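Here is how the chains run, residue by residue.
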Protein chains: 2
Amino acid sequence: MNEIKIFCPATIANLSCGFDVLGLCLDNVGDEMIIKKSALKGVRITKIVGANLPLETEKNVAGVAALALLKALNSDAGFEIEIYKKIQAGSGIGSSAASSAGAVFGINELLGRPFATKDLVPFAMQGEKLACGNAHADNVAPALLGGFTLVRSYAPLDIIQIESPSELYATVVHPQIELKTADARSVLKQNVSLQKAIIQWGNLGGLIAGLYTKDYHLIGRSLHDEIVEPLRSVLIPGFDVIKQTALENGALGSGISGSGPSIFALSKGKTTAYKIAKAMSEVYDQMQLPYEMHVSRVNPDGVRIIEN
Amino acid sequence: MNEIKIFCPATIANLSCGFDVLGLCLDNVGDEMIIKKSALKGVRITKIVGANLPLETEKNVAGVAALALLKALNSDAGFEIEIYKKIQAGSGIGSSAASSAGAVFGINELLGRPFATKDLVPFAMQGEKLACGNAHADNVAPALLGGFTLVRSYAPLDIIQIESPSELYATVVHPQIELKTADARSVLKQNVSLQKAIIQWGNLGGLIAGLYTKDYHLIGRSLHDEIVEPLRSVLIPGFDVIKQTALENGALGSGISGSGPSIFALSKGKTTAYKIAKAMSEVYDQMQLPYEMHVSRVNPDGVRIIEN
């Protein structure tokens, strides 16, 4: 195999009570990448379509992630990467993670899979470090592995794949405003009340239990964020109305995707997910706020090969 | 049925990262109660063996829990309760909860089960309110339901039964010191760092996932308490040595049971649990500190009928 074309999915991190630990993978929202073996040693980004991003390998998240993988393998192989961006940067659904995850997944395939997919996470995290200064795994883990992933620990890195029911759908609306991750982080407080933290981990326990037992009601009852959402949601126009609208239209729960500004809702079944999308659209239409809307089932597989 | 004899199990609450939400039920550690129907309306505590506790119904946790149940049923039935205490008060393994849970379970049986067992939790919580001022469910829920229970929420009350692997054993050592719940609570801080809270809910997520997937290693990796154990463990003589000894002898994890002073260790299999008990004993023997030692599998059923 000398060339591979892959789909690099968008992801929802900071899933309500799972702030900084729990994320999920989307199915029909994502970038595409073409990666080719090259006679020339090293990694070159040869084409970027759909976004104004740096072509220099060391300044591109896909490039940095790819270099981290090759360094670990002590490999002098060469690769050319074409990136077809469909996920907007700064949307809060893992745009940089999709590129980082795609690069390491694709190169690992072309090299005959020296690493298990799970072991690619640390390399993709290097792309995240370039993107936001923090080598977090919240988005690259679900992008690579699919489904729901829990980052139990960073020291040592411990990623847990969480089983989830098959009828779970996400509706994601991305209001076209700029919300920098740094600004979204600056509203956080260093300390939280023990009382709220206990509510948060009770809900996270309920959410994990609901996913394993396919108990949609329990999933819904648990999808609350006591700590971060109240601080961040004020940065997102119409957040309260969008969330309320989602719940009134059958969502199990709703919250901020990543560090925003995208807002997600989870629901049982495609019909409800589209109904929520329609209702959310009406809210932003009325506010005359431009937006992108996505409806996707939870993608159980993560990055996938389109052609090779 | 006019009379029932029941086993009322001890329980471990505040299970490491599951502070205030997660507890488990023990199997061969507990009280016994005999409850009889009486022609005389109301609830009377007729005998208490093994502890110096009040016989007045309104001052006894079993009495208060029983009255709460009868009030909800608007019942004018009469009952006599005999309590054979084997769990020491103030041990941190749910002594008051065993009596509260036993009273409501037994009376509910004698009345032909007007309530499902799960719905008895709020009545048993009234006994906890008398015992410590706080109507918590951490111990009465696992005592009534068995296994691991998660108190996801108090408003509204939402108790989740968590599946767990069958080979899980607990070793519990109870150093014979007095540690009042009020003192154990007073060392807590009202605020915690967000960073530590995230580690805590990551671990709780991992623990719940480990229980569902019967992944003993994951259970072990997740059994950490970042927040409460560092503050409370200093109140328990030898805590660090006992915990370290448990881990060195094969425990998956170890921590404070309830609000102490008992220390628990979880392990896979009876042999390891007894090995840990022996090693813990040697530590306290050397310190010349009196203790009680318990080894028990996780009790999947909760309160049970011995005779009726």
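Residues numbered from 1 in each chain as written. Chains lettered and ligands numbered in written order. Predicted model: local features only at pLDDT ≥ 70, side-chain atom pairs only at ≥ 80, totals over all residues. Heavy atoms only, no water.

(A) The packing of aromatic side chains, seen in detail. Counted according to the given criterion, the structure contains 5 aromatic pairs over all chains. Relative to Tyr 212 of chain B, the ring of Tyr 212 of chain A lies with its centre 5.4 Å away and its plane at 15°, an arrangement referred to as stacked. Of this pair, Tyr 212 of chain A sits in helix α6 (residues 194–213) while Tyr 212 of chain B sits in helix α6 (residues 194–213), placing the two residues on different chains. On the basis of relative accessible area, Tyr 212 of chain A is assigned to the buried category, the value being 10%. (Phe/Tyr/Trp six-rings, centres within 6.5 Å; stacked < 30°, edge-to-face > 60°. Helix = DSSP H or I, 4+ residues; strand = E, 2+ residues; numbered from the N terminus. Buried < 20%, exposed > 50% of the residue type's maximum accessible area, 1.4 Å probe, protein only.)

(B) The interface of chain B and chain A, seen in detail. Taken together, the 35 residues of chain B in the interface contact 35 residues of chain A. Surface buried jointly by chain B and chain A totals about 2700 Å² across both partners, of which 71% is contributed by carbon and sulfur atoms. Our count for the chain B to chain A interface comes out at 2 salt bridges. Arg 221 of chain B is the salt-bridge partner of Asp 158 of chain A, the closest N and O atoms lying 2.6 Å from each other. At the junction of chain B with chain A, the criterion picks out 11 residue pairs in polar contact (both at pLDDT 80 or more). Going through the elements one at a time, β5 (148–154), β6 (157–162), β8 (191–193), α6 and α7 (216–222) of chain B are the ones with two or more residues in the side of chain B that touches chain A. A total of 14 residues in the side of chain B that touches chain A trace back to one element, the largest contributor, which is α6 of chain B. Its residues assigned to classes, the side of chain B that touches chain A comprises 18 nonpolar, 11 polar and 6 charged. (Contact = heavy atoms within 4.5 Å. Buried area = accessible area lost by both parts, 1.4 Å probe. Salt bridge = Lys/Arg side-chain N within 4 Å of Asp/Glu carboxyl O. Polar contact = N/O pair within 3.5 Å; in protein donor to acceptor, adjacent residues only side chain to side chain. Nonpolar A, V, L, I, M, F, W, Y, C, P; charged D, E, K, R; others polar.)

(C) Structural detail: the domain arrangement of chain A. All names here are of chain A. By the assigned domains, chain A splits into domain 1 (3–163) and domain 2 (168–297). Computed over C-alpha atoms, the centres of domain 1 and domain 2 are 24 Å apart. On the side of domain 2, 36 residues touch domain 1, which itself brings 28 residues to the contact. For the pair domain 1 and domain 2, the two sides together bury roughly 2500 Å², of which 60% comes from carbon and sulfur. The largest per-residue losses of area from domain 1 upon contact with domain 2 belong to Ser 16, Cys 17 and Phe 19, which jointly make up 24% of the total buried on that side. Along the contact surface separating domain 1 from domain 2 lie 1 salt bridge. Asp 27 is the partner of Arg 297 in a salt bridge, and the nearest nitrogen-oxygen pair spans 3.0 Å. Our enumeration of links across domain 1 and domain 2 arrives at 10 residue pairs in polar contact (both at pLDDT 80 or more). Among the elements of the structure, β1 (3–12), β2 (22–38), β5 (148–154) and β6 (157–162) are those that each provide at least two residues to the side of domain 1 that touches domain 2. (Domains from an automatic or database assignment.)

(D) Highlighting the pairing of strand β7 (residues 168–175) of chain B. All names here are of chain B. Of all 8 residues that make up β7, 8 are buried, and the element is covered over most of its length. The side-chain alternation of β7 yields two buried faces, one formed by Leu 168, Ala 170, Val 172 and His 174 and the other by Tyr 169, Thr 171, Val 173 and Pro 175. For β7 and strand β10 (residues 263–268), the ladder comprises 6 bridges, and the chain directions are antiparallel. Within the sheet, the bridge partner assigned to Val 173 lies in β10 and is Ile 263. As judged from the 7 bridges shared by β7 and strand β11 (residues 291–297), these two strands associate in the antiparallel manner. (Pairing = 2+ DSSP bridges.)

(E) Main features of the environment of Thr 46 of chain A. Residue and element names in this part refer to chain A. Within the secondary structure, Thr 46 sits in strand β3 (residues 42–49). Of the residues examined, Thr 46 reaches a relative accessible area of 39% and is grouped as partly exposed. Placed 11 residues apart in sequence, Thr 46 and Thr 57 show a C-alpha to C-alpha distance of 9.6 Å. Once residues within four sequence positions are removed from consideration, Thr 46 is found in contact with Leu 55, Glu 80, Ile 81 and Glu 82.

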